[in-house]
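Coordinate inspection notes
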Amino acid sequence: MSKIHLVSGGCGFVGRNMVRRLLNTTQDKVFMIDDLSIGRHPSEWFEGYEAEKLDDIEVIGAEKRLYFWKGDFRNLLFYMRENPRYIQDRYHIDFDRFSDVFHFAAIVGGRMKIEGDPMIVALDLSIDAEFFFWVTQHKPERVLYPSSSAAYPVSLQSTDYAIALSEGDIDFNKNLGTPDMTYGWSKLTGEFLAQIAAKHYGVRVVCIRPFSGYGEDQELSYPVPAIAARAAGKEDPFEVWGSGKQGRDFVHIDDVIDFIFILMDQITDGSAYNIGSGKLTSFLELIEIFGEIAGYKPTVKPLLDKPVGVHSRYANMEYVTNKFGWTPKISVREGMERVYNKQVERIHREQK
Ligand SMILES: NC(=O)c1ccc[n+]([C@@H]2O[C@H](COP(=O)([O-])OP(=O)(O)OC[C@H]3O[C@@H](n4cnc5c(N)ncnc54)[C@H](O)[C@@H]3O)[C@@H](O)[C@H]2O)c1
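Now for a look at the structure at hand.

**What about the packing of helix H8 (residues 223-232) against helix H10 (residues 283-294)?**
Put simply, H8 and H10 touch, their axes get as near as 9 Å, and they point 40 degrees apart. Relative to H10, the element H8 lies oblique. Crossing angle aside, the handedness with which H8 passes H10 is right-handed. Of H10, the residues touching H8 (which contributes Pro223, Val224, Ile227, Ala228 and Ala231) are Phe283, Leu286, Ile287, Phe290 and Ala294. Its residues assigned to classes, the contact of H8 with H10 comprises ten nonpolar, no polar and no charged.

Next comes the structure, spelled out in structure tokens:
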């Protein structure tokens, strides 16, 4: 029997990249879930898209290895709570339990949503609670829970005091500090549930704390592709949210996915690991990089009424490097070039 993996939020940015990786590097099947609230339908991103209907789901690709269940993950979790073999029975898919489960379904959004509509983001708490309950019943072989650097205390990321954030800065046996808005709270709670699932229910699970993941096919509502697109259009003056001095730790999605598999092979107890480069890049520096790539030097126009979040958020990668010998392969410059080229291609396509 071939393996079958589950990817929730599979039509979102990280999910799409994971689904492609699984299908390209294994012969396994993937059961993908997304309500398309943010995610894009596979016809927009699955190379060689073709689909067959199977009851109310789609079976995608010539090899028919990708199943797409469209809807709120909580509904599917509810059906599986009522009947643990709901998927097997309804869709006649023959498997005992899922092998790897990647839980990317979440209300994420950029700074606008995190600060502008915190209560909708708080719904992540309900998605994650239902998810972990199911996981403890179903007992998949391995589980990946994406937490976030937003789980770290905001007090360590301010203008006056900012440090490279280390795994030990979150310790459930000590004071936790206040994470970043409802988004950070849900991620911190998710990590706690992951540890409970491992310790009390024997589930094999690992958490990741990605810093600012970016990539070629990320939505334009995120800063990296948005800045790349504006640089491609030679925007001048170049608008930046806030002063532009605020900084983040940018890490390319291919590196994120690489490291996820290393972690899933080695970690079982629900503990959490940084995924970043360890370098702080301010938005002013990012604009400079894109200016260089585009071949011009714009003047910068700060938009002081826009939400900017914490001042400096970057990873201390020492623990990860020592424990796993892992560092990202794609430099910020190379990654930004890739994003820029994709935006140029898109703009040309749209102008035709
Ligand atoms: N992208 C990053 O750099 C980054 C950094 C830290 C953490 N993460 C975490 O990784 C995960 C994926 O992030 P992303 O950047 O791909 O976000 P995304 O918004 O692109 O993807 C999330 C997907 O979940 C779907 N979704 C939302 N609610 C759903 C529900 N109730 N049922 C089914 N589908 C639902 C959306 O339609 C979307 O496709 C999130 O948990 C996020 O917090 C991402």
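Picking up where we left off.
**Comments concerning the layout of surface pockets**
Considering only enclosed or pocket space, the second largest pocket measures out at about 440 Å³ in volume. Around the second largest pocket, the lining comprises 19 residues; the ones closest to its centre are Arg40, Glu216, Asp217, Gln218 and Lys342. Among the elements of the structure, helix H1 (13-25), helix H9 (253-266) and helix H12 (332-351) are those that each provide at least two residues to the lining of the second largest pocket. No other element matches H12, which puts six residues into the lining of the second largest pocket.

**Some details on the sheet that holds strand E7 (residues 142-146)**
Strand order in the open sheet made by the nine strands is E3-E4-E5-E2-E1-E6-E7-E8-E13, with mixed pairing throughout. Looking along the sheet, the strands with just one partner apiece sit at the ends: strand E3 (51-54) and strand E13 (269-275). Pairwise comparison of adjacent strand axes, ignoring direction, gives a mean angle of 20 degrees for this sheet. Bridge analysis of strand E1 (residues 4-8) against strand E6 (residues 100-103) gives three bridges, and the strand direction is parallel. Across the sheet, Val7 pairs through a bridge with Phe102, a residue of E6. Its contacts with the sheet place helix H7 (residues 181-201) against E7, strand E8 (205-210) and E13, and it is angled at close to 140 degrees to E13.

**Digging into the sheet that holds strand E16 (residues 312-313)**
Note on sheets: strands pair through backbone hydrogen bonds, and any given pair is parallel or antiparallel. An order of E14-E11-E16 is seen for the three strands of this open sheet, with the pairing classed as mixed. Both outer strands of the open sheet, strand E14 (281-282) and E16, are each paired with one neighbouring strand and no more. The pairing of strand E11 (residues 247-248) with E16 spans two bridges and is parallel. Residue pairing in the sheet places Arg248 in a bridge with Arg313 of E16.

Parameters and conventions
Residues numbered from 1 in each chain as written. Predicted model: local features only at pLDDT ≥ 70, side-chain atom pairs only at ≥ 80, totals over all residues. Heavy atoms only, no water. Axes fitted to C-alpha atoms, helices over the stretch in contact; angles between N-to-C directions. Helix = DSSP H or I, 4+ residues; strand = E, 2+ residues; numbered from the N terminus. Parallel < 35°, antiparallel > 145°, perpendicular 65-115°, else oblique. Left-handed = near helix turned anticlockwise from the far one by under 90°. Contact = heavy atoms within 4.5 Å. Nonpolar A, V, L, I, M, F, W, Y, C, P; charged D, E, K, R; others polar. 1 Å grid on protein atoms, 1.4 Å probe; cavity = no way out; pocket = protein on both sides within 12 Å on 5 of 7 lines; lining within 4 Å. Points joined across faces, edges and corners; volume = space filled by probe spheres on them. Pairing = 2+ DSSP bridges.

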